[in-house]
Amino acid sequence: MEHIFGPVPSRRLGSSLGIDVVPFKTCTFDCVYCECGRTTNKTCSRTAFFPMETILDELEARLGEIPEKPAVLTLSGAGEPTLYEPMGELIAIMKRRFGLPVAVITNSSLVGSADVREELMEADILLPSLDTAIEETFQRINQPHENCRLERIIGGLESLLGRFRGTVLFEILLVDGFNTDTANIDALKKVLRRIRTDRIQLNTAVRPGTEKGIIPLDPISLKQIRYAFGPRCEIVAGTHAARLSREGDAIEEKILSLVGRRPCTAEDIHRSLGLPAPAVVKLIDMLEGAGMVVSERHGGDTFFTAAQRNR
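The rules behind these values
In this numbering scheme, every chain counts its residues from 1 along its sequence in written order. Thresholds applied to this predicted model are a pLDDT of at least 70 for local features of residues and 80 or more for the giving and counting of side-chain atom pairs; totals over whole chains, interfaces and linings are not thresholded and use all residues. Heavy atoms throughout the structure, all of them, feed into the side-chain values; hydrogens and water do not. A run of DSSP states H or I qualifies as a helix once it reaches four residues; a run of E qualifies as a strand once it reaches two. Both are numbered from the N-terminal end. Using C-alpha atoms as the atom set, the radius of gyration is obtained and then compared with a globule rule of 2.2 Å times the number of residues to the power 0.38. Only protein chains enter the accessibility calculation, which uses a 1.4 Å probe. A residue is then buried if its area is under 20% of the maximum for its type, exposed if over 50%, and partly exposed in between. Contact definition: two residues touch when any of their heavy atoms are within 4.5 Å. For accessible areas, the Shrake-Rupley method is used with a probe of radius 1.4 Å. Any residue's cover is judged against the shown protein chains and nothing else. Think of it this way: Lys and Arg go in the positive column, Asp and Glu in the negative one, and His and the chain ends go nowhere. Taken as the charge centre is NZ of Lys, CZ of Arg, CG of Asp or CD of Glu, depending on the residue. A pair of strands is considered paired only if DSSP assigns at least 2 bridges between the two. The criterion for an aromatic pair is that two Phe, Tyr or Trp rings (for Trp, the six-membered ring) have centres within 6.5 Å, with stacked assigned to planes under 30 degrees apart, edge-to-face to planes over 60 apart and tilted to the rest. Geometrically, a charge over a ring is one whose NZ (Lys) or CZ (Arg) sits within 6 Å of the ring centre while staying within 35 degrees of the ring normal. Here the term right-handed applies to a crossover when the path leading from its first strand over the helix to its second strand runs clockwise, the strands being oriented away from the viewer. Every axis in this analysis is a line fitted to C-alpha atoms, fitted for helices over the stretch in contact. Angles between the N-to-C directions lie between 0 and 180 degrees. In these notes the angle categories are as follows: under 35 degrees is roughly parallel, over 145 is roughly antiparallel, 65 to 115 is roughly perpendicular, and the rest is oblique. Helix crossings are classified by the rotation of the near helix relative to the far one: an anticlockwise turn of less than a right angle makes the crossing left-handed, while a clockwise turn makes it right-handed. Three categories are distinguished: nonpolar for Ala, Val, Leu, Ile, Met, Phe, Trp, Tyr, Cys and Pro, charged for Asp, Glu, Lys and Arg, and polar for the others, with Gly belonging to the last. Under the convention used throughout, the expected extent of a helix is 1.5 Å for every residue step, that is, one less than its residue count. Here, the arc refers to the directions that run from the helix axis to the C-beta atoms.

*Asks:* What should I look at first to understand the overall build of the protein chain in this one?
*Replies:* In terms of regular secondary structure, the protein chain is built from ten helices and twelve strands. The globule rule puts the C-alpha radius of gyration for 311 residues at 19 Å, and the 19 Å found for the protein chain is close to it. The principal-axis extents of the C-alpha atoms in the protein chain amount to approximately 50 × 45 × 35 Å. Counting over 311 residues, the protein chain shows a buried share of 53%. Of the contacts made within the protein chain by residues no fewer than 6 positions apart, 73% connect residues no fewer than 24 positions apart. As displayed, the protein chain has an accessible area near 13800 Å², and 48% of this comes from carbon and sulfur atoms. For the protein chain, the separation between the mean place of its 38 positive charges and that of its 42 negative charges on side chains is 4 Å.

*Asks:* Looking at this structure, how should I read the pairing of strand 8 (residues 167-174)?
*Replies:* Each regular strand carries side chains that alternate between the two faces of the sheet. Of all eight residues in strand 8, seven are buried; the element is thus mostly enclosed. Two elements, strand 7 (residues 125-128) and strand 8, share two bridges in a ladder whose sense is parallel. Across the sheet, the residue bridging to Ile-125 is Thr-167, located in strand 8. In this sheet, strand 9 (residues 199-204) lies alongside strand 8 in parallel orientation, the contact comprising six bridges. Within strand 9, the position partnered with Glu-171 by the bridge is Gln-201.

*Asks:* Would you take a moment to explain unusual backbone geometry for this structure?
*Replies:* Note on backbone geometry: most residues besides glycine have negative phi, and most peptide bonds are trans. The amide bond that connects Gly-6 to the next residue, Pro-7, takes the cis arrangement and shows omega of 10°. Mapping Pro-7 onto the fold places it in strand 1 (residues 4-10). At Gln-143, a position not held by glycine, the phi torsion is positive, near 45°. Looking at the secondary structure, you find Gln-143 in the loop between helix 4 (135-142) and helix 5 (150-163). What makes Gln-143 partly exposed here is its relative accessible area of 22%.

*Asks:* For this particular structure, what's the right way to read the packing of aromatic side chains?
*Replies:* How two aromatic rings sit relative to each other is set out by the distance from centre to centre and by the angle between their planes. Inspection of the entire model under this criterion finds one aromatic pair. Centre to centre, the rings of Phe-29 and Phe-138 are 5.6 Å apart; their planes meet at 80°, and the pair counts as edge-to-face. Taken as a pair, Phe-29 in the loop between strand 3 (26-27) and strand 4 (41-42) and Phe-138 in helix 4 lie far apart in primary sequence, 109 residues in all. Across the pair, exposure class does not vary: Phe-29 and Phe-138 are buried alike. The positively charged end of Arg-140 is found above the aromatic ring belonging to Phe-178, 4.0 Å away from the centroid.

*Asks:* Please explain the pairing of strand 9 as it appears in this structure.
*Replies:* Judged by how many residues are buried, strand 9 sits mostly within the fold: five of six residues are covered. For the crossover that starts at strand 8, traverses helix 6 (residues 182-192) and ends in the parallel strand 9, the hand is right-handed. Pairing of strand 9 with strand 10 (residues 233-235), which is carried by three bridges, proceeds in the parallel orientation. Among the inter-strand pairings, Ile-200 is bridged to a residue of strand 10, identified as Cys-233.

*Asks:* Honestly, the sheet that holds strand 10 in this entry has me stumped. Any pointers?
*Replies:* Within the open sheet, the eight strands sit side by side as 1-2-5-6-7-8-9-10. Their pairing is mixed. In this open sheet, the two edge strands, each paired with only one partner strand, are strand 1 and strand 10. Pairwise comparison of adjacent strand axes, ignoring direction, gives a mean angle of 25° for this sheet. Contacting strand 1, strand 2 (14-20) and strand 5 (72-76), helix 1 (residues 52-65) runs over the sheet at an angle of about 55° to strand 1. Taken strand by strand, helix 5 contacts strand 7 and strand 8, and its axis lies near 160° from that of strand 7.

*Asks:* Help me understand the packing of helix 9 (residues 266-273) against helix 10 (residues 277-289), please; the structure alone is not making it clear to me.
*Replies:* Helix-helix packing is described using two parameters, namely the angle between the two axes and the distance between the axes. Relative orientation of the contacting elements helix 9 and helix 10 amounts to 125°, with a least axis distance of 9 Å. Between helix 9 and helix 10, the crossing angle belongs to the class labelled oblique. Seen from above, helix 9 lies across helix 10 with right-handed handedness. Within the contact between the two elements, helix 9 uses Ala-266, Ile-269 and His-270 and helix 10 uses Ala-277, Val-280 and Ile-284. Its residues assigned to classes, the contact of helix 9 with helix 10 comprises five nonpolar, one polar and no charged.

*Asks:* I keep staring at the packing of helix 6 against helix 7 (residues 219-229) and nothing clicks. Help me out?
*Replies:* Orientation of helix 6 relative to helix 7, taken along the N-to-C sense of each, is 35°, at an axis distance of 10 Å. Between helix 6 and helix 7 lies a crossing of right-handed hand. Every residue of helix 7 that contacts helix 6 at Ile-185, Leu-188, Lys-189 and Leu-192 is listed here: Ile-225, Ala-228 and Phe-229. Its residues assigned to classes, the contact of helix 6 with helix 7 shows six nonpolar, no polar and one charged.

*Asks:* Is there a simple way to think about helix 5 in this case?
*Replies:* Given 3.6 residues to a turn, an α-helix orients residues that are three or four positions apart in the same direction. End to end, helix 5 covers 20 Å across 14 residues, agreeing with the expected 20 Å (1.5 Å per residue, within 8%). Those residues of helix 5 that sit buried are Leu-150, Ile-153, Ile-154, Gly-156, Leu-157, Leu-160 and Leu-161. The buried residues of helix 5 occupy an angular sector of 160° when projected down its axis, which confines them to one face. Facing away from the buried surface of helix 5 by more than 90 degrees, the exposed residues are Glu-151 and Arg-152. Packed against the buried residues of helix 5 are helix 3 (114-120), strand 7, helix 4, strand 8 and helix 6.

Below is the structure:
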């Protein structure tokens, strides 16, 4: 299936069936920490990248295959899902047809648009992110498209979340040396006082990003920042599921077979096996955590090999 991945155990949503609605690395940002690699199509232009019926047919087929329904259907992917122009219509149809809650994971880049805000109102769960409230840091860490304006994003979040009646899980991804200083944390605290959220969730770069020197923030610093944001805040970094689900076993074997023959990037695996990029990233993360796959940085890319290949 080209657009559906999982169900995968999500550290924030439980059992999540993912829907990838944009092509690989089509995004509004080119974040230094992105585990999927560099953005190859940086854009703010919304379009119907794929026919909606194709996505819905794949989703229906996958739901018919799995023994238990997932907790949630999640628009995510190796790019920014709000770039999918008929997003609101897709969410509404999925809820009617399948009777499951719908979540949207977004980098918040397009919420300055009234159309995008109205479409997101269809969702049951929003997982927006904002890594900084300082323009200089925004340019440095998120490397946005030239049409993305931080001030407009913050205003859009205030407007959207002030009206949204579903669950809001607000993510901040912390990168040591980028957005972890007192000025950045204080600026984010000021913004978050004005924004309605259910939880503020702190994450960090647990895997190599697109630039050198991207390392995870240490646990003590994460706890200090959590205290700074108050009782609504929790740390979600480092809480990935310990094992793959049974449905992922066959895919696991395919990935291990491929990286056992030669080193591969996540994009190599995505293209070679025809797997959705987000599924590749999650599975590789689990395999690496289990000690079955090892990673190595070379020439600006992260390559994965089977652990026994290096023995």
